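Here is how the chains run, residue by residue.
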Amino acid sequence: MTSLEILRKEHKALEIELKELEALISPEIDEIEGEEEEKEVNYPNLTHTIKRLIEFWNSHEGKEEKFLREMEDKYQNLKFDTILFQHKELSGHKTVIMNAINSGNEFEIKVALDTDGRIILDKIRKHMKEENELFDKIKNKAQ
Ligand SMILES: [Fe+2]
Ligand SMILES: [Fe+2]
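Since the structure is predicted, the reported quantities are computational estimates derived from the model, not experimental observations.

**Student:** Residue-level account of the overall build of the protein, with values.
**Tutor:** What the protein contains, in helices and strands, is four helices and two strands. Listed by position from the N terminus, the elements making up the protein come as α-β-β-α-α-α. Its C-alpha atoms put the protein at 60 × 30 × 25 Å along the principal axes. Looking at the 143 residues of the protein, the share that counts as buried comes to 13%. Of the contacts made within the protein by residues no fewer than 6 positions apart, 70% connect residues no fewer than 24 positions apart.

Next comes the structure, spelled out in structure tokens:
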């Protein structure tokens, strides 16, 4: 498998992790005897999922940065800056979430996930979409 194929495969695996996180942080309303109650968040499960996602993300990004730097030298007419800048931007949100998790305070985790958690879901998806488009351009040039 080429680096490009590995990265694409990881994007698919990351999307599965994102869906899982999304399901855990989206409040589902359970109707119990006519009264609406917000589903209780399972924090141990949630922190486990986030830690796994961030670990996976970091290892993916490491491989990707190495690959993109190589491609940047090879294909100077393609734009790599935006993608690389987005890695820095995402890392800011990741830090906020990890700090909240490390605090062990459920309220802090809830606040971080309601803000940075939701932002990161959108941004990671948009980022991976842009990367896939860039990968297509690289593939076309390499042919
Ligand atoms: Fe990336
Ligand atoms: Fe990526």
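Now, onward.
**Student:** Tell me about the environment of K137, residues and numbers included.
**Tutor:** For K137, the location among the structural elements is in helix α4 (residues 106-142). For K137 and Y43, which are 94 residues apart along the polypeptide, the C-alpha to C-alpha distance reads 41 Å.

**Student:** Let's hear about the nonpolar core: which residues, and what values?
**Tutor:** In this structure, L24, L46, I50, I97, A100, I101, I109, A112 and L113 together form the largest nonpolar core, which totals nine residues. Looking at this core, the elements that each hand over two or more residues are α2 (43-74), α3 (81-103) and α4. Setting aside its immediate chain neighbours within four residues, A112 contacts V96, I97, A100 and G117.

**Student:** Lay out α4 with the relevant residues and their values.
**Tutor:** Maximal helix bending in α4 amounts to about 40°, located at L113. Listing the buried residues of α4 in full gives I109, A112, L113, D116, G117, I120, I124, M128 and F135.

Definitions and cut-offs
Residues numbered from 1 in each chain as written. Chains lettered and ligands numbered in written order. Predicted model: local features only at pLDDT ≥ 70, side-chain atom pairs only at ≥ 80, totals over all residues. Helix = DSSP H or I, 4+ residues; strand = E, 2+ residues; numbered from the N terminus. Buried ≥ 20, exposed ≤ 12 C-beta atoms within 10 Å, placed from the backbone. Contact = placed C-beta atoms within 7 Å. Core = buried A, V, L, I, M, F, W, Y, C linked by C-beta atoms within 7 Å. Bend = angle between axes of the 7 residues up to and from the residue.

Spatial relationships are all this shows, so hold off on functional conclusions.
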